[in-house]
Amino acid sequence: MNASRPIQISYDGLARVDGSARFSFGDTVALASVSGPIEVRLAAELPSQATFDVSVRPLNNVPSTESKSQAATIRSAIAPSLILNKNPRTLIQLVIQTLSPTSTPRWTDGLLAAMINSSTLALLNAGSVPMRGVVCAIAIGKTRDGELLVDPEEARVAELIQGGCFAFMVADGAGLESNSTTVWTNWRALERTFDEMGLMSAREAAKDAIKGVYASMKSSIMPERIGHGDDDKMEI
Amino acid sequence: MRPPSPSIPEKEFLNSALKQNLRIDGRAPLDMRTPVFIFGPELGWVDCSLGKTRVIAYVDAKMVKPTPERPFEGMITIHSELSPMASSEYETGRPSEEEVTITRMLDKIIKRSDALDKESLCILAGQRVWHIRLSLHFLADAGNMVDCACLAGIVALRHFRRPEVEVIGDDEVIVHSPLERAPMPLAIHHSPFCFTFAFFADPETPPILDPTQLEQRLSAGLMSIALNAQKEICVLQKLGGVPQDTEEVLRLVKVAVAQAKELSNTVDAKLTADWETRKVEVR
């Protein structure tokens with residue numbers, strides 16, 4: 001199975017928000033910013049938990065229906081990892097900006113995975129919202145010949161018959177049946193019919209690939225410590 | 001949600017410092033922050049920052065049918081919506097006063113001053129023209145987003161290259177991919193730059209150029225001058241605020257003229273340097 005496109009993570013340090021992070025799979029780049037817990041409009045206030053508001057902004061043009069749909073999916077992927085009842089009557093505002101143009105309207109899953117990953121990193125960068133785990137996402141595609149591609153690049157998108165994005169919440173701790181639980185997927189057949197076994201094998205492939213994403217995220221937050229060896233590395 | 005007003009110590013400190021011609025970030029009153037440009041892998045993508053204020057501009061082009069009133073001209077649209085990423089005081093969908101000011105200034109500076117030649121965007125009269133779309137995304141509001149946005153917009157338009165088009169006979173149009181034929185730059189008549197000055201209520205405080213967020217919030221009036229390096233003024237906008245006498249306004253115009261020349265040279269140098277890294281030799 002192939003490796004994903006090269007991952008690049010950077011923290012922009014945007015001036016007026018609490019946390020911001022940029023994540024890219026190769027040329028597909030997304031920038032996320034988080035502000036919170038901050039004051040919330042009376043209409044959006046919830047009495048026992050924080051309001052989690054997500055908005056997505058595409059690179060070209062103003063936000064459209066697709067952006068609203070992407071914002072809703074990202075919200076449902078990230079929400080399981082946030083402990084929202086610690087800050088009732090406040091707002092956690094997540095804004096995601098795509099920084100690369102969408103050239104293939106048929107396959108936006110690579111971008112979706114980058115957006116989910118950048119959101120998680122922005123939340124970690126802000127450090128102000130309690131979290132249960134770290135949500136990592138990756139896109140998987142299956143070609144006509146049955147080959148599973150991790151994070152397929154644009155040149156190979158035409159060969160895919162099934163594909164989707166998988167998001168896992170990675171955490172170490174009691175209460176999780178394994179180290180990573182699937183929180184969201186949009187696996188679908190792009191041509192012909194849907195195949196359940198395909199979904200299962202893709203999920204296994206994604207679980208394996210997510211280790212690479214998680215490792216990049218971790219090393220971007222914790223710099224390399226010189227001379228301390230491997231004694232405190234966590235195993236996934 | 002609107003953030004609370006600056007605290008009294010901040011207000012007093014800023015006002016007393018400005019009276020002594022000192023700015024909090026160490027600049028002289030008429031010093032602008034140095035603009036930093038990062039060009040993206042695509043042509044027409046530029047990240048412009050003035051200190052901590054950051055704006056990303058992206059230009060793309062598509063072929064459309066022209067409006068029946070103007071069959072020989074292409075079209076340019078500018079999208080500049082403020083998002084909560086710039087600051088949590090801005091909400092999507094509800095234009096704040098700042099957003100309206102920015103949109104109107106961009107419209108006047110880039111569209112109405114004819115910076116971009118629309119007739120050169122025509123492919124087939126009455127049937128196909130280029131529609132150039134400039135999208136501006138505000139990443140951080142650390143004061144003076146108008147100047148940053150105009151700068152980013154103009155630099156992105158100059159950086160962008162549209163695909164070359166060949167017209168055969170009366171109705172056949174071939175669009176060449178960038179790999180076949182080198183893409184063409186847009187025809188830009190002039191490059192206007194915007195400079196914003198902030199005034200304060202105390203008559204002894206001098207006007208300052210390129211205010212930061214705190215200076216903008218505590219100012220008692222703003223004046224924006226948009227001009228190009230050829231000393232031609234596109235826009236001079238002063239929406240209310242502390243009255244200024246004409247000599248003061250003319251003095252600031254002279255300051256803006258000097259800044260425009262300098263900025264124009266910087267922009268030219270940066271664009272040339274970036275273009276050098278993109279040159280591909282075909283053997």
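Residues numbered from 1 in each chain as written. Chains lettered and ligands numbered in written order. Predicted model: local features only at pLDDT ≥ 70, side-chain atom pairs only at ≥ 80, totals over all residues. Heavy atoms only, no water.

In the annotation of an unreviewed UniProt entry, chain B is listed under the name Exosome component 9 and assigned to Ephemerocybe angulata. The annotation that UniProt attaches to chain B under Sequence similarities (unreviewed entry) is "Belongs to the RNase PH family." (UniProt positions renumbered as here; feature names shortened; annotations may be inferred.)

The name an unreviewed UniProt entry assigns to chain A is Exoribonuclease phosphorolytic domain-containing protein, from the organism Ephemerocybe angulata. As stated in UniProt under Subcellular location (unreviewed entry), the record for chain A gives "Nucleus". Quoted straight from UniProt, the Sequence similarities (unreviewed entry) entry for chain A says "Belongs to the RNase PH family."

Engineer: What is the right way to look at the sheet that holds strand β13 (residues 221-227) of chain B in this model?
Structural biologist: Picture the strands of a sheet paired through backbone hydrogen bonds; they go either parallel or antiparallel. Residue and element names in this part refer to chain B. With antiparallel pairing, four strands are arranged side by side in an open sheet as β12-β11-β13-β14. Of all strands in the sheet, those with a lone pairing partner are β12 (208-209) and β14 (233-238), marking the two edges. Its contacts with the sheet put helix α2 (residues 97-112) on β11 (193-199), β13 and β14, and the angle it makes with β14 is roughly 155 degrees. (Pairing = 2+ DSSP bridges. Helix = DSSP H or I, 4+ residues; strand = E, 2+ residues; numbered from the N terminus. Contact = heavy atoms within 4.5 Å. Axes fitted to C-alpha atoms, helices over the stretch in contact; angles between N-to-C directions.)

Engineer: Looking at this structure, how should I read the side chain of E99 of chain B?
Structural biologist: By secondary structure assignment, the location of E99 of chain B is in helix α2. Within the buried core, E99 of chain B has no salt-bridge partner, and the shortest N-O distance to an opposite charge, that of R57 of chain A, equals 7.1 Å. (Buried < 20%, exposed > 50% of the residue type's maximum accessible area, 1.4 Å probe, protein only. Lys, Arg positive; Asp, Glu negative; His and termini not counted. Salt bridge = Lys/Arg side-chain N within 4 Å of Asp/Glu carboxyl O.)

Engineer: Just to check I follow, could you spell out the UniProt feature "domain: Exoribonuclease phosphorolytic" (unreviewed entry) in chain B for this structure?
Structural biologist: Residue and element names in this part refer to chain B. With numbering aligned to this structure, UniProt lists the feature "domain: Exoribonuclease phosphorolytic" (unreviewed entry) at residues 44-163 and 191-258. Along residues 44-163, the helical share is 26% and the strand share 36%, with 12 Å between the first and last C-alpha atoms. End C-alpha to end C-alpha, residues 191-258 measures 15 Å, and it is 28% helix and 32% strand.

Engineer: What exactly am I supposed to notice about helix α1 (residues 8-19) of chain B here?
Structural biologist: Spacing of three or four residues puts side chains on the same side of an α-helix, whose turn is 3.6 residues. Residues and elements named next belong to chain B. A rise of 1.5 Å per residue sets the reference length of α1, with its 12 residues, at 16 Å; its end C-alpha atoms lie 17 Å apart and thus fit the reference within 8%. Buried within α1 are the following residues: L14, A17 and L18. The buried residues of α1 occupy an angular sector of 95 degrees when projected down its axis, which confines them to one face. Opposite the buried face of α1, at more than 90 degrees from it, the exposed residues are I8, P9 and E12. Residues of α1 that are buried sit in contact with β12 and α4 (213-218). Among the residues trailing α1, N21 stands out with phi positive, at a value near 60 degrees. (Expected span 1.5 Å × (residues − 1). Arc of directions from axis to C-beta.)

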